[in-house]
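# Reading the structure
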Amino acid sequence: MMDDELEVTVNGVSYAVKDLSEEAQSQVTNLQFVDAQIADLNAKLAVYQTARNAYQSALQLLLPVTKQ
């Protein structure tokens, strides 16, 4: 989709971004930036959770075996 065809949907209503005021277009840009940052943080969180699980598994292998 080309930039001039970009749409934003708010409360179930779609708007062509090119038809919005400059201020509204600026807010769309802000939302796109924040959404990208959230996606980046979620990707990093997934990496950190995977690493944590691996460290925990490694630790469990190093702990002495206990009788229950």
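Let us look at the pattern of salt bridges. Going through the model one piece at a time under the given rule, you end up with one salt bridge. Measuring nitrogen to oxygen at the nearest pair gives 3.3 Å for the salt bridge that ties Asp-40 to Lys-44. Of the two residues, Asp-40 and Lys-44 are both situated in helix H1 (residues 22-62); the distance of four residues between them amounts to about one turn of the helix.

Take the environment of Ser-14 next. Mapping Ser-14 onto the fold places it in strand E2 (residues 13-16). For Ser-14, a relative accessible area of 42% translates into the label partly exposed. Remark: the alpha-carbon pair of Ser-14 and Lys-44, spanning 30 residues in sequence, is separated by 31 Å. Setting aside chain neighbours within four positions, we find Ser-14 in contact with Glu-7, Val-8 and Thr-9. Looking at Ser-14, its side chain comes within polar contact range of the side chain of Thr-9, at 2.9 Å.

About the thresholds
Residues numbered from 1 in each chain as written. Predicted model: local features only at pLDDT ≥ 70, side-chain atom pairs only at ≥ 80, totals over all residues. Heavy atoms only, no water. Salt bridge = Lys/Arg side-chain N within 4 Å of Asp/Glu carboxyl O. Helix = DSSP H or I, 4+ residues; strand = E, 2+ residues; numbered from the N terminus. Buried < 20%, exposed > 50% of the residue type's maximum accessible area, 1.4 Å probe, protein only. Contact = heavy atoms within 4.5 Å. Polar contact = N/O pair within 3.5 Å; in protein donor to acceptor, adjacent residues only side chain to side chain.

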